[in-house]
Amino acid sequence: MVAFFYALCILLPLAATAVALGVGGWLRRLYVVGARLLLGAFMLGGGLYKLSDNHIPGLMGPPMNHAFLAEHSLEIFAQFIGVAQLLIGVLLLTGRFALLGAVMLVPMWLNIIFLTWSQHWVGTPYLVTGFLVLTLGLLLHDFPRLKFLLYPPANPAALHQAPLQTGSMGAEVLWWLGVAVMVGGSLLYPVSFRLMLGTMGVGLVVVLGASGWMWRNRKAGATAGKRVVPDVQNVV
């Protein structure tokens with residue numbers, strides 16, 4: 001029975017990935033959004049759990065024993081992994097930077113799989129392998145954006161000249177500033193747990209404000225584009 005459950009941890013994500021990517025349409029969109037939210041929440045929770053010395057509960061797996069880490073002089077390693085998981089979670093929960101988060105998530109899952117496997121954790125390697133399958137599904141979904149890493153473009157000059165889709169400079173700087181404040185605030189637990197939460201809260205507010213600014217700019221640009229088409233037709 002236990003072996004059957006472990007098999008399902010891998011087979012169900014495989015089936016969901018194959019069906020969603022194969023069928024496409026709304027089912028594929030639902031898969032992509034759901035996988036990004038699920039994996040992003042796991043990473044965000046796991047990172048905050050480590051950075052808060054277990055005061056903020058995580059969402060996945062048995063708790064990491066900080067006494068064990070201290071015994072093996074791995075406190076700095078745990079802090080590094082916590083920051084990486086926090087950043088990956090934030091990237092996955094965005095639309096624009098979700099692909100970058102998925103790319104960074106692959107070595108993170110492999111690290112967790114082999115770490116828990118070498119420590120003889122029961123069940124965790126199978127569960128995390130299922131999450132790795134979902135992550136690979138996200139990469140397959142965005143393969144048109146990733147294929148140039150594997151296959152050089154036939155006309156690199158045309159690719160270099162392609163315009164980049166970005167927001168206003170102010171919104172871009174503000175968004176990354178908010179992320180930096182969140183990541184920096186996550187390291188303040190040794191000073192004060194309240195200071196950590198407060199600083200991260202400020203960073204979150206900045207990120208949400210910048211995201212709203214970008215969304216309004218995109219909406220305004222789309223509206224302006226619709227208005228230009230009739231005007232051009234009338235001139236012609």
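Think of each chain on its own: its residues are numbered from 1, step by step along the sequence as written. Whole-chain, interface and lining totals are the exception, using all residues; otherwise, since this is a predicted model, local features are given only for residues with pLDDT of at least 70 and side-chain atom pairs are given and counted only at 80 or more. As a rule here, side-chain values cover all heavy atoms of the structure and leave hydrogens and water aside.

Visitor: Looking at this structure, how should I read the nonpolar core?
Guide: The tendency in soluble globular proteins is for nonpolar side chains to be buried side by side. Definition of nonpolar core: a set of buried residues of the types Ala, Val, Leu, Ile, Met, Phe, Trp, Tyr and Cys, connected through side-chain atoms within 4.5 Å. Only protein chains enter the area calculation, which uses a 1.4 Å probe; residues under 20% of their type maximum are buried, those over 50% are exposed, and those in between are partly exposed. One finds Leu39, Leu92, Leu105, Met108, Trp109 and Leu138 to be the most contacted residues of the largest nonpolar core, which totals 26 residues. Only DSSP runs of H or I with at least four residues qualify as helices, and only runs of E with at least two residues qualify as strands; both kinds are numbered from the N terminus onward. Mapped by element, the contributors of at least two residues to this core are helix 2 (25–51), helix 4 (75–92), helix 5 (98–118) and helix 6 (124–141). When residues of this core are assigned to their parent elements, the largest contribution, eight residues, is made by helix 5. Judged by nonpolar contacts, the second largest core, of 18 residues, contains Leu51, Ile56, Phe97 and Ala210.

Visitor: Would you mind going over helix 5 with me for this structure?
Guide: Helical periodicity: at 3.6 residues per turn, an α-helix aligns residues three or four positions apart in one direction. Residue count minus one, scaled by 1.5 Å, sets the expected span of a helix. With 21 residues, helix 5 should cover 30 Å at 1.5 Å per step; its first-to-last C-alpha distance of 30 Å lies within 8% of that length. Maximal helix bending in helix 5 amounts to about 30°, located at leucine 105; proline proline 107 follows within four positions. Turning to helix 5, its buried residues are Ala98, Leu99, Gly101, Ala102, Leu105, Val106, Met108, Trp109, Ile112, Ile113 and Thr116. Between two residues, a contact is recorded if the distance between any of their heavy atoms is within 4.5 Å. Structurally, helix 5 contributes buried residues whose contacts are with helix 2, helix 4, helix 6 and helix 7 (143–150). Within two residues after helix 5, histidine 120 carries a phi angle of roughly 60°, on the positive side. By definition, a residue's bend is the angle between the axes fitted to the seven residues ending there and the seven starting there.

Visitor: Would you take a moment to explain the packing of helix 4 against helix 9 (residues 169–185) for this structure?
Guide: Between helix 4 and helix 9, the shortest axis-to-axis distance is 10 Å and the interhelical angle comes to 145°. Crossing hand, helix 4 versus helix 9: right-handed. Contact with helix 4, carried on its side by Val83, Leu86, Leu87, Val90 and Leu91, involves Trp175, Trp176, Val179, Met182 and Val183 of helix 9 and no other residues of that element. When residues are grouped by polarity, Ala, Val, Leu, Ile, Met, Phe, Trp, Tyr, Cys and Pro land in nonpolar, Asp, Glu, Lys and Arg in charged, and all others, Gly among them, in polar. Classifying every residue of the contact of helix 4 with helix 9 by side-chain character gives 10 nonpolar, no polar and no charged. Comment: axis = line fitted to C-alpha atoms, over the contacting stretch for helices; angle = value between 0 and 180 degrees taken between N-to-C directions. Here a crossing is called left-handed whenever its near helix is offset anticlockwise from the far helix by less than a right angle, and right-handed whenever the offset is clockwise.

Visitor: I'm lost on the packing of aromatic side chains in this one. Help?
Guide: Any two aromatic rings considered together are summarised by their centre-to-centre distance and by the angle between their planes. Two rings from Phe, Tyr or Trp (for Trp, the six-membered ring) form a pair when their centres sit within 6.5 Å of each other. Planes less than 30 degrees apart are called stacked, planes more than 60 degrees apart edge-to-face, and all others tilted. Scanning all chains against the criterion turns up nine aromatic pairs. Plain terms: the ring middles of tyrosine 6 and tyrosine 126 are 4.8 Å apart, the flat faces sit at 0° to each other, and that makes the pair stacked. Here tyrosine 6, found in helix 1 (residues 2–23), pairs with tyrosine 126, found in helix 6; they are 120 residues apart in sequence, far enough to count as distant. The exposure class of tyrosine 6 is buried, given its relative accessible area of 17%.

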